[in-house]
Amino acid sequence: MPKPLTVAVLAGAALLTRRALRRRVRVSPLWPLPALDPPTSGRPRTRALRLRVAAKETVADGVVQLRLEGRDLPGWEPGAHIDLVLPSGLVRQYSLCGDPADTSTYTVATRLVEDGRGGSREVHEQVWVGAELEVRGPRNRFPLVAAPAYVFVAGGIGITPVLSMLRALPEGADWRLLYAGRTRESLPFLAEIEAFGADRVTVVAGLPDLDRELADVPEGAVVYCCGPEGLMAAVEERFPDVRLERFAPRTSAEGEAFELELRRSGRTLTVPADSTVLAAVRAELPNTLYSCEQGFCGTCQQRVLEGEVEHRDELLTDAERADSMLICVSRARSVRLVLDL
């Protein structure tokens, strides 16, 4: 007589993609954007992808490009990014810089950050051709909108989302790019960028003079910027409506110390001024889920029962922020915070 078959079903649902960047610039379309496959960046995903590293190539000093291969991959639009789950379990976000029409590959590039948190070093030193990686997304917080004119500012590896936008712009579009980096050798995709023409592209090795380079931005132009935080802050100071893409927290973990109650666990603890809610919670509840620790992936989202939150993430919508927070980066504005944990 056959033995009974026990079937265990593990159910899960991917987080809803949160929001596009909310900016004050609103431009009426003057031309249609190129037709792409139906976007998936605003839809929930029910499963992660397992993609094979088909190619790994050095594209500039300290920069490698990965080509990830699969079948019938979800479509994406310029500005979109994916979450890459590295062999160690670290999750990092990378802009897609390949061809949106290619449904068999995703292409990303990353710069080695010597004093970083380990993700870029793992990509450079431990991810090889033939490896399988988990991929989540794509999502798009940095969409290309229709506009009468464009100004793009990219710093180093920040060229990756901008490059896909430049390729998508229709012939005759009014645009220009300021592309800066430490040295010309450190700038990825430089040959392709310069092929657009010196009348559109300005390449600067070293610190750009933003007041000079951005002195004559056309009226109604949409400004896009991606790069080091210092560059983005400087551009935002000059153009408050700039559209930004960042892959690191806007602010540090530091703030005022506060009391944290974990209601369901019946525990009360203190979150120090120089630490995070996540670190304090995991000291008490080590199985609390987390991943990117940068306020992007949403794994550590928790329900807030009482208190005022200082939201520092780049993910949650205003509605979600009304009663939840990402505990890896956000803190309390009030002296006490209560979580449903």
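Refer to the structure presented above.
We now turn to the structure provided with this report. (Residues numbered from 1 in each chain as written. Predicted model: local features only at pLDDT ≥ 70, side-chain atom pairs only at ≥ 80, totals over all residues. Heavy atoms only, no water.)

**Some remarks on the pairing of strand S4 (residues 91-95)**
Along a regular strand, successive side chains alternate from one face of the sheet to the other.
Thinking step 1. The buried fraction of S4 is high, at five of five residues.
Thinking step 2. Two strands pair when backbone bridges link them, and strand S3 (residues 81-85) and S4 are joined in this way by five bridges, in the antiparallel orientation. Bridge assignment links Val85 to a residue of S4, and that residue is Val91.
Thinking step 3. Counting the residues between successive antiparallel strands, the hairpin from S3 to S4 contains five residues, one of them, Gly89, with a positive phi of roughly 100 degrees. (Buried < 20%, exposed > 50% of the residue type's maximum accessible area, 1.4 Å probe, protein only. Helix = DSSP H or I, 4+ residues; strand = E, 2+ residues; numbered from the N terminus. Pairing = 2+ DSSP bridges.)

**Some remarks on helix H1 (residues 119-126)**
Thinking step 1. Of all the positions in H1, only Gly119, Ser120, Glu122, Val123 and His124 are classed as buried.
Thinking step 2. Contact partners of the buried residues in H1: strand S1 (49-60), strand S2 (63-69), S4 and strand S5 (105-111). (Contact = heavy atoms within 4.5 Å.)

**So, the sheet that holds strand S16 (residues 324-326)**
Sheet strands pair via backbone hydrogen bonds, and the direction of the pair is either parallel or antiparallel.
Thinking step 1. The five strands are arranged S13-S12-S18-S14-S16 in an open sheet whose pairing can be described as mixed. At either end of the open sheet lies a strand with only one pairing partner, and these are strand S13 (267-271) and S16. When the angles between neighbouring strand axes are averaged without regard to direction, this sheet yields 40 degrees.
Thinking step 2. Set on the sheet, helix H6 (residues 277-284) makes contact with strand S12 (258-262), S13, S16 and strand S18 (336-339); between it and S13 the angle comes to about 140 degrees. (Axes fitted to C-alpha atoms, helices over the stretch in contact; angles between N-to-C directions.)

**Topic: the pattern of salt bridges**
Thinking step 1. According to the stated counting rule, one finds 23 salt bridges in the structure shown.
Thinking step 2. Its salt-bridge partner being Arg121, residue Glu125 comes within 2.5 Å of it at the nearest N-O pair. Of the two residues, Glu125 and Arg121 are both situated in helix H1; the distance of four residues between them amounts to about one turn of the helix.
Thinking step 3. By relative accessible area, which is 28% here, Arg121 ends up partly exposed.
Thinking step 4. In this structure, the salt-bridge partner of Glu284 is Arg267, at a minimum N-O distance of 3.2 Å. One end of the pair, Glu284, is in helix H6; the other, Arg267, is in strand S13, and 17 residues separate them in sequence.
Thinking step 5. Assessed through its relative accessible area of 32%, Arg267 is described here as partly exposed.
Thinking step 6. Look at the salt bridges and you will find they share partners, linking Glu259, Glu261, Arg263, Glu306 and Arg336 into a network. (Salt bridge = Lys/Arg side-chain N within 4 Å of Asp/Glu carboxyl O.)

**Overview of the pairing of strand S10 (residues 222-226)**
Thinking step 1. The buried fraction of S10 amounts to five of the five residues, a majority that puts the element mostly inside the structure.
Thinking step 2. Burial along S10 is two-sided: the face carrying Val222, Tyr224 and Cys226 and the face carrying Val223 and Cys225 are both buried.
Thinking step 3. As judged from the three bridges shared by S10 and strand S11 (residues 243-245), these two strands associate in the parallel manner. Looking at S11, one finds that Cys226 is bridged to Glu245.
Thinking step 4. Read as a crossover between parallel neighbours, the route from S10 over helix H5 (residues 229-238) to S11 is right-handed. (Right-handed = clockwise from strand over helix to strand, strands pointing away.)

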